[in-house]
Amino acid sequence: MNQDHNETPRYFQVTPSGAYYATLSTSNDALRALLLQLLSADTHIPYLSALLQKLTGLPETDAHALLDKAVQHGFVDLPENPDPIASGTIEQLLPEYLPRLADGRVLLADDQGFCLGQSGFDPDEAEAVAGMAADLVSLHERHQSLLARHLGFDGSSWALVDAVGQSELGFWTLHVGEQKFLLILEGMPHLNRQPFVDLMSVLIRRYLDY
């Protein structure tokens, strides 16, 4: 997959699935590293072989094989007119993005129980839910060996479900470097939309350490 210099320029764009995979764990693999690099950029990166090699640190053939894998998994698109990159501080952008991530209330907390932003909760509720989210992180870490090695569950997100198994309140763990965040969503989540990519880009630019 090489872009001819006579073609209309195309740009790397991480999809919602790619943003989710990038923050699903701290596992250090080449695909996740590429996605994090793309999400951390504050300008659109043109699809050029030399830039791809620089982003991946791989020889040309290996770099393009990795990109092919990212495209085949639906993690990266190469549009001619990519969506705008979110600009502004996290404090400015959270009130815009959070309400668009679920049908109900939404809260973003860190793993220490600090509420970074929320939509729909009363202040006291938000503080309590953020604290509960931190407890869930601790619970998961204590039982991670059982869940992953013995039961075969690789995820780190939890949910309160109704009688038919649908999530009433979901706790989605997001990893940005060594920092963990909890995205708490009431009702149907909408993580398959551009606001989720924008939120991850803002968090990664703010908290990811290279």
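Conventions adopted
Counting restarts for each chain, with residues numbered from 1 along the sequence as it is written. Local features are withheld for residues below a pLDDT of 70 in this predicted model, meaning they are given only at 70 or higher, and side-chain atom pairs are given and counted only at 80 or more; totals for whole chains, interfaces and linings count all residues. The basis for every side-chain value is the complete set of non-hydrogen atoms in the structure, without hydrogens or water. By convention a nonpolar core is built from buried Ala, Val, Leu, Ile, Met, Phe, Trp, Tyr and Cys residues, the set being connected through side-chain atoms within 4.5 Å. Exposure classes here rest on a 1.4 Å probe applied to the protein chains alone. A residue is buried below 20% of its type maximum, exposed above 50%, and partly exposed in between. Under the scheme used here, helices are H or I runs from DSSP no shorter than 4 residues and strands are E runs no shorter than 2 residues, and both carry numbers assigned from the N terminus. In this description, contact between two residues means that some pair of their heavy atoms is separated by no more than 4.5 Å. Two strands pair if DSSP finds at least two bridges between them. For helices, the fitted axis covers only the stretch in contact; all axes are lines through C-alpha atoms, and the angles between them, taken along N-to-C directions, range from 0 to 180 degrees. We place a 1 Å grid over just the protein atoms. Points where a 1.4 Å probe fits but has no way out form a cavity, open points with protein on both sides within 12 Å along at least 5 of 7 lines form a pocket, and any residue with an atom within 4 Å of a point lines it. Grid points are joined across faces, edges and corners, and a volume is the space filled by probe spheres set on the points.

Draft legend 1. Broad picture of the nonpolar core. In terms of nonpolar packing, the biggest core is built from 46 residues, with Phe 12, Val 76, Leu 183 and Leu 199 touching the most fellow members. With seven residues, helix H8 (residues 194-207) is the largest single contributor of residues to this core. Those residues in contact with Phe 12, other than ones at most four positions away along the chain, are Leu 38, Ile 45, Pro 46, Tyr 47, Leu 48, Leu 52, Leu 55, Leu 67, Val 76, Asp 77 and Leu 78. Ranked by size, the runner-up nonpolar core spans 13 residues in total, among them Val 129, Leu 169, Phe 171 and Ile 184.

Draft legend 2. Structural detail: the sheet that holds strand E3 (residues 106-110). Read across the sheet, five strands follow the order E4-E3-E7-E6-E5 without closing on themselves; strand pairing throughout is antiparallel. In this open sheet, the two strands that pair with only one neighbour each are strand E4 (115-119) and strand E5 (158-161). For this sheet, the mean inter-axis angle between neighbouring strands, taken without regard to orientation, is 10°. Bridge count between E3 and strand E7 (residues 179-186): five bridges; the pairing is antiparallel. Looking at the pairing, Leu 107 lines up with Ile 184 of E7. Relative to the sheet, H8 contacts E3, E4, strand E6 (167-176) and E7, its axis offset from that of E6 by approximately 40°.

Draft legend 3. Spotlight on empty space enclosed by the protein. One pass over the structure, following the stated rule, counts one cavity of 30 Å³ or more. Roughly 230 Å³ of internal volume is contained in the largest cavity. In terms of lining, the largest cavity is formed by 17 residues, of which the most central are Phe 12, Gln 13, Val 14, Leu 38 and Ile 85. Of all elements in the fold, only strand E1 (13-14), helix H2 (30-39) and H8 reach the threshold of two or more residues within the lining of the largest cavity. In terms of residue count, the dominant contributor to the lining of the largest cavity is H8 (four residues).

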